[in-house]
Structures are given as C-alpha cells and as structure tokens.
Amino acid sequence: MAEPTTTARHDVGVGLISVGWMGKLHSRAYQALPYVYPETGIRPRLVHAADTAADRVDYARDILGYARGTTDYREVLADPQVDVVSICAPNMLHREIGVAAAEAGKPFWIEKPVGRNVEDTAAVAAAANAARLVTSVGFNYRHAPAVEHTRELIADGALGRITNVRAVFFSGYASEPKGALSWRFDREQAGSGALGDLLSHVVDLLQYLVGPVAEVTALTSTVYRQRPVLPTGSANHFAVVEEGELGTVGNEDYAATLVRFADQARGAGAVGTLEASRAIVGPQCGLGFELYGTDGSLAWNFEQMNELRVCLGRGRPHQGYTTVLANAQLGDYARFQPGPGIAMGYDDLKVTEARKFLVAVAGGERQNSSVDDALSVAEVLAAAERSAADGTWHKVPPTAGTTAARRV
C-alpha cells in the first residue's frame, strides 16, 4: 500500500486524568497515532497527567513521558498547553470531571459508562453540547475491521432487511466467588453492574450497526450476593480475598433484554435479544453478535476479532457460512497489518479511536462516537432497569445527534 500524503503538522497538547490501565492505553494510542495515521499531520504531545496516587503521577511523567504531573485533575484542566483531555477515572467521578472539562472548554475522550446512570450521563452531555465541544467515548469495539465491514454490508443492503439479532457480552472477571468487593460492585460508586459495564458495549454496537433501540424489556440477577471486602489501599478490584469480612453486592451480575428497534433503523421492525454476564465461567471477553436479514446473515465475536462469518444470498449452491479473515479491504486493517492472517489486537482499536477523536477536534470529518451516543445507550439501560423492576416493556426516549445507523 502506498504511503498516504502527509498534511501540515498539527500539534495537540494532551492531558490525562487517571493513570490506570486505560489511562496508559490512551497514552500509547496517542503516541502511536503519528506512525499509523501520518497523513493526518496530528502530533499529540503528552503534556499533563493527574492521578490521586503519587506513584502513578511519577509513572506518567517518568515512563509514559508526560511533561508534568499532579494529584489534582483541576490543574490539568487549567493548563493552557492542554488542548484535549482523556478521562479514564472510575465511574463515580465521570460526571464531576466530564462537566468540569466541558466548563474548561477542553474537548475530551471519556471512557464508558460516561455516568453511573442516565442522569449523570445527561449532565455530561448537556455540559459538552452547551460548550459545543467535540467528545469521544470509549466504545472501542466499533473500530474492529469486521465490525466496520458489517456496518457497510448492512448499509449497502447486502443482508436485505435486518429481521432479528442476538448479541452478548459474557465476561468472567467476576466469576470467582471470593473476588473482592471493589467499587464495581457498589451501586453508589459504579451505578449498575453488568448492564453499565458490559451491556453498554452491546447496545452501542447494535445501535451503530442496525439503528436506535425503541423499546426494551429486561430481567437481571445477582449470582454472588456477598463478596469479601477489599482492605483499603490493597491490590485492585480483580483481587481474590481468601478470608475476611463479607459485604453486600449492590448491583447485578447478569442482565438479559428483549429489544425492538426504531422504525427509522436499517432493520426497521427488527427485534433481538441482548445479554451480559460478568460472573460466567468460560468466556473472558466474549462480546459477539449474530445479525439475520432477509437476504443473508453474519456473526462475529471479539475473542476471534479478526474473523467474520458471512452468509449472503438465498437458494444459492454454497449454503452456510464463509469465514472471512480481516484484510486490507475491511476497516482500518491495512493501517496495522500487511496481509490477512496477521492479527490485530485490542490496543489497535484504541489507536483508531484516538484518530477519530483528534481528527474531529481538528475540524475534520466526524466519525467519532460522542457523549450523545453514550446518552442514547444510557437511556436504553435505564429503560432496561425499569423493566427489570416491574416486568413490563419500556419505551426508550430518542436521543439527537447520535451515530446510530438509520434507514436511508
């Protein structure tokens, strides 16, 4: 593939809030962007990082390469050399920091869920939209080449009219009964459990591919109602505590929904089942979907990210699925690998996400997700929680400004 022509250089000062795993990943994505997408001319500079832990501040400065570090995120937002901010803090801080970033006039890339609930998310979206800021949300699975190709196939009508879908996010990170009672299991700190943490990705993917969810009914359950308390300042929320005081789990381990898509969706009239579990044994990052249409179907799972199973056409000699390997004709695959069979990975999707965010900030095309997409997902999850409580169908209020696929 010929190297793209590089545009004029455009330096962007980056601020980071919270230097955990995701903060490190954002930093690596910014650093990789000039190599993977040189034609953008965008050159991120790691300017200022904040974390409440002093050792993480040191890591950001000494290892990641940020010019400055602080234990107060407000100093990052006040720094005139910071042009954009990555917000990678725990869920309970997203509303406070997101609104503060908007009021400071800083475009931001924030991890999901943007809030613990729809009220938190709406507050961040309102502040960002009032400030007319470009935002991006960490719905990284959208950027897998197989997913982008799926979106194109549906838009081109290759599957006909989408009739029904099945999608899941099964993850085993909470399958250990002695797994510590971290903030993820506390409703006040995390909001919902499997709904916000896992089903949010499922809802975003299906709305991106098929269209807005209009109505939902749901049920939830908690597999382990008590967990050992994690001693303050020890380990992390994936720690296993063999002995100790037990505390009550405040949110759900499992969620299942039935959904109806809006009439303006590419699958007008489509229905589906969406599930999520954090306490399942077997799948580790089992995010996947099956999409069925009047002229074909396809299936994808993140644990086989570089494969897409496709069946096109009715009544042809070659029935069943063909496995398509990720290749240069699918999404941004060619930016990372030279040919089929060489796998892309999770981190690569974040580089693409960084590119979409910063291109939009620089005034280019808007391919990025936004806080409006996060609000749309939060409305679906809120309707699901109401349904799980009363056992009835709940309508989902429409959200303007999203990237959800719509019938054209």
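Because the structure is predicted, anything quoted here is derived from the model rather than measured. (Residues numbered from 1 in each chain as written. Predicted model: local features only at pLDDT ≥ 70, side-chain atom pairs only at ≥ 80, totals over all residues. Heavy atoms only, no water.)

Q: Residues and numbers for the overall build of the protein, please.
A: The secondary structure content of the protein amounts to ten helices and 17 strands. Rg of the C-alpha trace for the protein: 21 Å, near the compact-globule value of 22 Å for 408 residues, within the 12% margin. Counting every position in the protein, which comprises 408 residues, the buried fraction comes to 56%. Residue pairs at least 24 apart in sequence account for 73% of intrachain contacts in the protein once pairs closer than 6 positions are excluded. For the protein, the computed accessible surface area is about 17,200 Å², with 50% contributed by carbon and sulfur atoms. On the protein, the mean spot of the 38 positive side-chain charges and the mean spot of the 46 negative ones are 5 Å from each other. (Helix = DSSP H or I, 4+ residues; strand = E, 2+ residues; numbered from the N terminus. Rg over C-alpha atoms; globule rule 2.2 N^0.38 Å. Buried < 20%, exposed > 50% of the residue type's maximum accessible area, 1.4 Å probe, protein only. Contact = heavy atoms within 4.5 Å. Areas by Shrake-Rupley, 256 points an atom, 1.4 Å probe, with all protein chains shown as cover. Lys, Arg positive; Asp, Glu negative; His and termini not counted. Charge placed at Lys NZ, Arg CZ, Asp CG, Glu CD.)

Q: An account of the packing of aromatic side chains is needed here, citing residue identities and associated values.
A: Counted under the stated rule, the structure contains ten aromatic pairs. Plain terms: the ring middles of Phe289 and Trp300 are 5.5 Å apart, the flat faces sit at 35° to each other, and that makes the pair tilted. Of this pair, Phe289 sits in strand β13 (residues 286-293) while Trp300 sits in strand β14 (residues 296-301), and the two are eleven residues apart along the sequence. There is no split in this pair, since Phe289 and Trp300 are both buried. Put simply, the rings of Trp21, Tyr141, Phe169, Phe289, Trp300, Phe302 and Tyr346 pair up and form one aromatic cluster. Looking at Lys24, its charged tip hangs above the ring of Tyr59, at a distance of 4.6 Å from the centre. (Phe/Tyr/Trp six-rings, centres within 6.5 Å; stacked < 30°, edge-to-face > 60°. Lys NZ or Arg CZ within 6 Å of the ring centre and 35° of its normal.)

Q: Can you tell me about the side chain of Arg355, naming the residues and giving the values?
A: Position of Arg355 among the secondary structure elements: in helix α9 (residues 346-361). Taking the relative accessible area as the measure of exposure, Arg355 reaches 10% and is therefore buried. Those residues within four positions of Arg355 in sequence are excluded, and the remaining contacts are Leu33, Tyr37, Thr40, Asp332, Glu365 and Gln367.

Q: Provide a residue-level description of the pattern of salt bridges, including the pertinent values.
A: This structure, assessed with the given rule, holds 27 salt bridges. One continuous salt-bridge network, built from bridges that share partners, spans Arg95, Arg116, Asp120 and Glu188. (Salt bridge = Lys/Arg side-chain N within 4 Å of Asp/Glu carboxyl O.)

Q: Could you give me a rundown of the sheet that holds strand β12 (residues 271-277), with the residues and numbers involved?
A: Here we have nine strands laid out as an open sheet, ordered β16-β15-β14-β13-β7-β12-β11-β8-β17, and mixed in their pairing. If you trace the sheet from one side to the other, it starts and ends with β16 (322-325) and β17 (394-395), each paired once. Here strand β7 (residues 162-170) pairs with β12 via seven bridges, running parallel. Paired with Ala167 across the strands is Leu274, a residue of β12. Sheet strands touched by helix α8 (residues 194-209): β7, β8 (213-221), β11 (254-261), β12, β13 and β14. Its angle to β12, the strand with the most contacts, is close to 150°. (Pairing = 2+ DSSP bridges. Axes fitted to C-alpha atoms, helices over the stretch in contact; angles between N-to-C directions.)

Q: Lay out the sheet that holds strand β1 (residues 10-17) with the relevant residues and their values.
A: As summarised here, the arrangement of the six strands in space is β3-β2-β1-β4-β5-β6, forming an open sheet in which the pairing is parallel. The open sheet terminates on both sides in strands that have one partner only, identified here as β3 (68-70) and β6 (135-137). If you compare each strand with its neighbour and ignore which way they point, the axes differ by 25° on average. Looking at chain direction, β1 and strand β2 (residues 42-50) are connected through eight bridges and run parallel. Looking across to β2, one finds that Gly15 is bridged to His48. Contacts from helix α1 (residues 21-36) reach β1, β2, β4 (84-87) and β5 (108-110) within the one sheet, and its direction differs from that of β2 by about 155°.

Q: Just give me the short version of the packing of α8 against helix α10 (residues 371-390), but keep the residues and values in it.
A: With their axes 9 Å apart at the nearest point, α8 and α10 run at an angle of 120° to one another. Taken as axis vectors, α8 and α10 run oblique relative to one another. The two elements α8 and α10 meet at a crossing, and its hand is right-handed. Where α8 approaches α10, its residues Leu195, Gly196, Leu199, Ser200, Val203, Asp204 and Gln207 are matched on the opposing element by Asp373, Ser376, Val377, Val380, Leu381, Ala384 and Glu385. Grouping the constituent residues of the contact of α8 with α10 by class yields seven nonpolar, four polar and three charged. (Parallel < 35°, antiparallel > 145°, perpendicular 65-115°, else oblique. Left-handed = near helix turned anticlockwise from the far one by under 90°. Nonpolar A, V, L, I, M, F, W, Y, C, P; charged D, E, K, R; others polar.)

Q: Give a description of the side chain of Ser200 that names residues and reports values.
A: Structurally, Ser200 is set in helix α8. The exposure class of Ser200 is buried, given its relative accessible area of 2%. Of note is the side chain of Ser200, whose polar atom sits 2.6 Å from the backbone oxygen of Gly196. With sequence-adjacent residues up to four places away left out, Ser200 is seen in contact with Lys112, Phe139, Leu195, Val377 and Leu381. (Polar contact = N/O pair within 3.5 Å; in protein donor to acceptor, adjacent residues only side chain to side chain.)

Q: Lay out α1 in plain terms, naming residues and giving numbers.
A: In an α-helix, one full turn covers 3.6 residues, which means residues spaced three or four apart are oriented alike. Its 16 residues give α1 an end-to-end C-alpha distance of 22 Å, which sits within 8% of 22 Å, the value for a rise of 1.5 Å per residue. For α1, the full list of buried residues reads Met22, Gly23, Leu25, His26, Ser27, Ala29, Tyr30, Leu33, Pro34 and Val36. Tucked inside the fold, the buried residues of α1 contact β1, β2, α2 (54-64), β4, β5 and α9. (Expected span 1.5 Å × (residues − 1).)

Q: Let's hear about the pairing of β2: which residues, and what values?
A: Moving residue by residue along a regular strand, the side chains alternate between the two faces of the sheet. Here β2 lies mainly inside the structure; seven of its nine residues are buried. Where β2 and β3 come together, three bridges link them in parallel fashion. Looking across to β3, one finds that Ala50 is bridged to Thr70. Running through α2, the crossover from β2 to the neighbouring parallel element β3 is right-handed. (Right-handed = clockwise from strand over helix to strand, strands pointing away.)

Keep in mind these values describe shape, not function.
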